[in-house]
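In case you want the letters, here they are:
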Amino acid sequence: GSDSGGAGHIAVMGTRLYFQADDGISGHELWAHETTNDSTWQVADISSGSADGHAWTITIMGTRLYFGATDGTGHELWAHETNNDSTWEAAGLQLSYFNMQEIKAMGTRLYFDAFGGTCRELWVHETTNDSTWQVIDIWSGNGFCMDTSPEFTAMDTQLYFKADDGFYGKELYMMEIEHTITYN
């Protein structure tokens, strides 16, 4: 039709597509499409009513989806378990502006960028114990430290991304799982 549901942030798990879309009633929320029977349904209404929950940057880890979303009280890391259809806030960071651009799964951890008021930095969420912390303060105090599209790339035990330290400008950074940072 002429109206767009705004489908985006598509992730594939088996025969299902998970994505953000707007049905014109409940705002931009998390949806699923089963390819074997051509059925589509709303998975979760994160921000109830017509407000947007904005399920973006959907990342799959095992039987779970992790994504950024808001329930109207702030932008946070959310999870959805496909085995029992439960959805919950995985990390309540209480940041002024979360809006993560990317999430990268490595082992049992999710690495993502988050804006903590003065700077977009690298954060991690450990899925085995639901702990979340800021990995490093690349540009202490101000600016968009991580690029607005950090382009996370995983290679073995290393995470590569773009960031700006406020001195050398945008550069390629590498992080070992042991949380040491170097730049090239």
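Residues numbered from 1 in each chain as written. Predicted model: local features only at pLDDT ≥ 70, side-chain atom pairs only at ≥ 80, totals over all residues. Heavy atoms only, no water.

**As for the overall build of the protein**
Condition: Helix numbers and strand numbers start at the N terminus; a helix is a DSSP run of H or I with at least 4 residues, a strand a run of E with at least 2. Categorising residues by exposure relies on relative accessible area from a 1.4 Å probe, with only protein chains included: less than 20% of the type maximum marks a residue as buried, more than 50% marks it as exposed, and the intermediate range marks it as partly exposed. In short, Shrake-Rupley with a 1.4 Å probe defines the accessible areas, and a residue's cover is counted only from the protein chains shown.
The number of helices and strands found in the protein is zero helices and 16 strands. Counting every position in the protein, which comprises 184 residues, the buried fraction comes to 45%. Accessible surface computed for the protein: about 8,900 Å², of which carbon and sulfur atoms make up 49%.

**Here we look at the packing of aromatic side chains**
What characterises a pair of aromatic rings is the spacing of the ring centres plus the angle enclosed by the ring planes. Applicable threshold: Only the six-membered ring of Trp is used, alongside the rings of Phe and Tyr, when aromatic pairs are assigned; centres must lie within 6.5 Å, and planes under 30 degrees apart are stacked while those over 60 apart are edge-to-face, with the rest tilted.
Enumeration over the complete set of coordinates arrives at two aromatic pairs. A centroid spacing of 6.1 Å and a plane angle of 75° characterise the contact between Phe-152 and Phe-161, whose relative ring orientation is edge-to-face. Note on Phe-161: relative accessible area 1%, which makes it buried. Members of the aromatic cluster, each reached through a chain of ring pairs, are Phe-152, Phe-161 and Tyr-173.

**A look at the sheet that holds strand β3 (residues 28-34)**
This is how it is decided: Here the rule is simple: two strands pair whenever DSSP picks up at least two bridges between them. Axis angles are defined between N-to-C directions and span 0 to 180 degrees, where every axis is a line fitted to C-alpha atoms and, for a helix, only to the segment in contact.
Sheet architecture is open: four strands sit in the order β1-β2-β3-β4, paired in antiparallel fashion. Both outer strands of the open sheet, β1 (8-13) and β4 (39-44), are each paired with one neighbouring strand and no more. Taken pair by pair, the neighbouring strands of this sheet meet at an average axis angle of 30°, ignoring direction. With five bridges joining them, β3 and β4 adopt antiparallel strand pairing. When the bridges of β4 are listed, Leu-30 appears paired with Ala-44.

**Describing the environment of Val-43**
Quick reminder of the rule: Only heavy atoms enter the contact rule, under which two residues are in contact if any of them lie within 4.5 Å.
Tracing the backbone through its elements, the reader meets Val-43 in strand β4. Between the alpha carbons of Val-43 and Leu-30 there is a distance of 5.5 Å; along the sequence they are 13 residues apart. Every residue in contact with Val-43, bar those within four places of it in the chain, is listed here: Tyr-18, Leu-30, Trp-31, Ala-32 and His-80.

**Side note on the environment of Ser-86**
Looking at the element boundaries, Ser-86 is found in strand β8 (residues 86-91). The partly exposed category is assigned to Ser-86, whose relative accessible area is 26%. In the structure, Ser-86 is positioned 42 residues away from Ala-44 in sequence and 8.5 Å away in space, judged by C-alpha atoms.

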